Amino acid sequence: MKHRFFYTILFILFLCTACATSPTGRNQLQLFSSQKLSEMGRMSYRQLKKDEKVIRGQDVNSFVNCVVRSINSALPASAGSKQWHITVFDNDEAVNAFALPGGYIGVYTGLLKVTDNQDQLAAVIGHEIAHVTAGHPNARLSSQYATQAGLQTVSAFLEGQVGGSTRTIMALLGLGSQVGLLLPFSRSQEQEADILGLQYMARAGFDPEQSIQLWRNMAREGGKPPEFLSTHPSDYSRIQSLQAHLPEALELYRRAGQQNRRPQCRP
Ligand SMILES: [Zn+2]
């Protein structure tokens, strides 16, 4: 009996070393070090830049850079601001964007066509950055690879052995549509990214009401749903949840104005 108690305690201690609390207080498994995550992010980013057409034009790049820089400079200390590498991909069909651990952001020209202004782009970028700061890629990889064999799969990826699991790893990091393997974030992860993303954009001085407008516009798009929607299920409850958190975001936005945070990013 004594032994059983001892092993139970030991097991709980083991679980807790791999467990972490997300910014909104959810418990999640985090098996990988931030260094390993960054490495996976870097390799995936490099692969995408090799496979897809990159836009070098100055105007669009400085627009996206301006939005990312503004959000980054106003992130709460817990999110840890970092140097983001940013690429704009030339694909008008892809209504999409991503952020990867290690500080890598990709925006597709298709997304820039459906966002009406800097604030709507900030809403998407805030959401994507929030997935990273909340540790969602780590949680997804951890639950998928919580075994010895799984850990070896990740090591093989990091050593550059491109195998069948490469696509899965990239999809778990948040690059589903890019690798043709949709593994959407869970509803609770989406909701957390929405709430944090709304705070991030507002703290940077972007109008949080534009976030709700963007989701409305996207929900209204008929026909084949854009990629951003199929990996990020949009529905009535999502807009309702954003609306519920709007008053607090508007207060952050007001305070940002007092600190002269009102970005002027132009496409
Ligand atoms: Zn998302």
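Owing to the predicted nature of the structure, the values given are computational and were not obtained by experimental measurement. (Residues numbered from 1 in each chain as written. Predicted model: local features only at pLDDT ≥ 70, side-chain atom pairs only at ≥ 80, totals over all residues. Heavy atoms only, no water.)

## Comments concerning the overall build of the protein chain
Item 1. Summing up its helical and strand segments, the protein chain has 14 helices and 5 strands in all.
Item 2. By residue count, 50% of the 267 residues in the protein chain fall in the buried class.
Item 3. Of the accessible surface of the protein chain, which amounts to about 13300 Å², a share of 51% is contributed by carbon and sulfur atoms. (Helix = DSSP H or I, 4+ residues; strand = E, 2+ residues; numbered from the N terminus. Buried < 20%, exposed > 50% of the residue type's maximum accessible area, 1.4 Å probe, protein only. Areas by Shrake-Rupley, 256 points an atom, 1.4 Å probe, with all protein chains shown as cover.)

## Details of the side chain of D207
Item 1. Inspection of the secondary structure assignment puts D207 in the loop between helix 10 (187-203) and helix 11 (209-220).
Item 2. Lacking a salt bridge, the buried D207 has R262 as its closest oppositely charged neighbour, with an N-O distance of 8.1 Å.
Item 3. In terms of polar contacts, D207 uses its side chain to reach the backbone amide nitrogen of E209, at 3.0 Å.
Item 4. Look past the residues within four positions of D207 in its chain and what remains in contact with it is D119, M201 and Y253. (Lys, Arg positive; Asp, Glu negative; His and termini not counted. Salt bridge = Lys/Arg side-chain N within 4 Å of Asp/Glu carboxyl O. Polar contact = N/O pair within 3.5 Å; in protein donor to acceptor, adjacent residues only side chain to side chain. Contact = heavy atoms within 4.5 Å.)

## A word on the packing of helix 6 (residues 136-144) against helix 8 (residues 165-173)
Item 1. Put simply, helix 6 and helix 8 touch, their axes get as near as 8 Å, and they point 140° apart. By the angle between their directions, the pair helix 6 and helix 8 is classed as oblique. Listed contacts from helix 8 to P137, R140, L141 and Q144 of helix 6 are T168, I169, A171, L172 and L173.
Item 2. Across the contact of helix 6 with helix 8, the residue classes break down as 6 nonpolar, 2 polar and 1 charged. (Axes fitted to C-alpha atoms, helices over the stretch in contact; angles between N-to-C directions. Parallel < 35°, antiparallel > 145°, perpendicular 65-115°, else oblique. Nonpolar A, V, L, I, M, F, W, Y, C, P; charged D, E, K, R; others polar.)

## Regarding helix 13 (residues 236-244)
Item 1. Taken as a whole, helix 13 has its buried residues at R238, I239, S241 and L242. Looking down the long axis of helix 13, one finds its buried residues gathered within 160° of arc, a one-sided arrangement. In helix 13, the exposed positions that point more than 90 degrees away from the buried face belong to Y236 and A244. (Arc of directions from axis to C-beta.)

## Remarks on the sheet that holds strand 3 (residues 85-89)
Item 1. Spatially, 3-5-4 is the arrangement adopted by the 3 strands of the open sheet, whose pairing is mixed. Only two strands of the sheet have a single neighbouring strand rather than two, namely strand 3 and strand 4 (97-100). Across this sheet, the average inter-strand angle for adjacent strands is 10°, counted without regard to direction.
Item 2. Looking at chain direction, strand 4 and strand 5 (residues 104-108) are connected through 4 bridges and run antiparallel. Counterpart to F98 in the pairing with strand 5 is G106.
Item 3. Packed on one face of the sheet, helix 5 (residues 118-133) meets strand 4 and strand 5 and runs near 30° to strand 4. (Pairing = 2+ DSSP bridges.)

## A few points about the pattern of salt bridges
A side chain of one charge can pair with a side chain of the opposite charge when the charged atoms of the two come close.
Item 1. Per the stated rule, a full pass over the model turns up 6 salt bridges.
Item 2. Between D90 and K53 there is a salt bridge, and its shortest N-O distance comes to 3.1 Å. Separated by 37 residues along the polypeptide, D90 in the loop between strand 3 and strand 4 and K53 in the loop between helix 2 (34-51) and helix 3 (58-73) bring together distant segments of the chain.
Item 3. Here the salt bridges do not stand alone but share partners, grouping E251, R254 and R255 into one network.

## Topic: the state of the cysteines
Item 1. The final tally for this structure, using the stated rule, is 1 disulfide.
Item 2. The disulfide bridge from C66 ends at C265, spanning 2.0 Å between sulfur atoms. Its S-S torsion of about -75° marks the bond between C66 and C265 as left-handed, since a negative value means left-handed. Taken together, the residues span a long stretch of sequence, with C66 in helix 3 and C265 in the segment after helix 14 (246-258) at a distance of 199 residues. When sorted by exposure, C66 lands in the same class as C265, which is buried. (Disulfide = S-S within 2.5 Å.)

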